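Structure assessment
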Amino acid sequence: MAVLKVYPHKLVVTTITGGTDGYTDDEGYYHKSTGGTEVNEEVKCQAVPSSTPHNVITYDDGSQVEYTYAIIMDRNCREFTRNENITLYLLNGASHILTVKDFHRYQSNAKLWV
């Protein structure tokens, strides 16, 4: 009997907490942000590529945006916000940096469009 992984892929959300923002000094030189702690949160998921070239999401204001993957996760995952960047790791070792288009929590799972 074969055992299937429900969530074979993973996505990583990188958040930098603390530290200072970058700044430009009096002489016009830019200095990078300092300090801060980089936190990588890993979420198991199933990434399903869009089946047609023009899969779109229509927002409440009527604007539309195309997405490339629908990502299914456990219902108890964290809350995602629009325009948040994530890194998606697929089974073949490929990784993609993607932007969150929409997020919805259903009764038995959660879905993310990127």
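The structure contained in this document is the topic of the report that follows. Please read these numbers as outputs of a predicted model, since none were measured by experiment. Every chain is numbered on its own, with residues counted from 1 as its sequence reads. Only residues with pLDDT of at least 70 get local features here, since the model is predicted, and only at 80 or more are side-chain atom pairs given and counted; chain-wide, interface and lining totals rely on the full set of residues. The side-chain quantities take in all heavy atoms of the structure and omit both hydrogens and water.

1. Overview of the nonpolar core
- Take the buried Ala, Val, Leu, Ile, Met, Phe, Trp, Tyr and Cys residues and link them wherever side-chain atoms come within 4.5 Å; each set so joined is a nonpolar core. Relative accessibility thresholds used throughout: buried, under 20% of the residue-type maximum; exposed, over 50%; partly exposed, between the two (1.4 Å probe, protein chains only). Counting residues in each nonpolar core, the largest one holds 19 residues, and the members touching the most others are L11, I71, M73, F80, I86, L88 and L112.
- Only DSSP runs of H or I reaching four residues or more are called helices, and only runs of E reaching two or more are called strands; each is numbered from the N terminus. Secondary structure elements with two or more residues in this core: β1 (9-17), β4 (37-49), β7 (69-74), β8 (85-89) and β11 (109-113).
- Residue contacts are counted whenever heavy atoms from the two residues lie within 4.5 Å of one another. For I86, the residues in contact, after removing those within four places along its chain, are L11, V12, V13, I71, F80, H96, I97, L98, V100, L112 and V114.
- In this structure, Y59, Y67, A70 and W113 belong to the second largest nonpolar core, which totals five residues.

2. Thoughts on the packing of aromatic side chains
- Aromatic contacts are taken between Phe, Tyr and Trp rings whose centres are within 6.5 Å, Trp giving its six-membered ring; a plane angle under 30 degrees counts as stacked, one over 60 as edge-to-face, and the others as tilted. A complete count under the given rule lists one aromatic pair for this structure.
- When the centroid spacing of 5.5 Å and the interplanar angle of 50° are considered together, the rings of F80 and F103 count as tilted. Of this pair, F80 sits in the loop between β7 and β8 while F103 is found in strand β10 (residues 102-105), placing the two residues 23 residues apart along the sequence.
- The ring of Y89 has K10 lying over it, and the distance from NZ or CZ to the ring centre is 5.3 Å.
- Criterion for a charge above a ring: Lys NZ or Arg CZ within 6 Å of the ring centre, and within 35 degrees of the ring normal. The ring of F80 carries the charged tip of R78 above its face, separated from the ring centre by 4.7 Å.

3. A word on the pattern of salt bridges
- One speaks of a salt bridge when a side-chain nitrogen belonging to Lys or Arg is within 4 Å of a carboxyl oxygen belonging to Asp or Glu. For the coordinates displayed, the defined rule picks out five salt bridges.
- E42 is the salt-bridge partner of K10, the closest N and O atoms lying 3.5 Å from each other. Separated by 32 residues along the polypeptide, K10 in strand β1 and E42 in strand β4 bring together distant segments of the chain.
- The salt bridge partner of E79 is R105, with a shortest N-O separation of 2.9 Å. Of this pair, E79 sits in the loop between β7 and β8 while R105 sits in strand β10, and the two are 26 residues apart along the sequence.
- Judged by its relative accessible area of 24%, R105 is partly exposed.
- Through salt bridges that share partners, E41, R78 and E84 make up one connected network.

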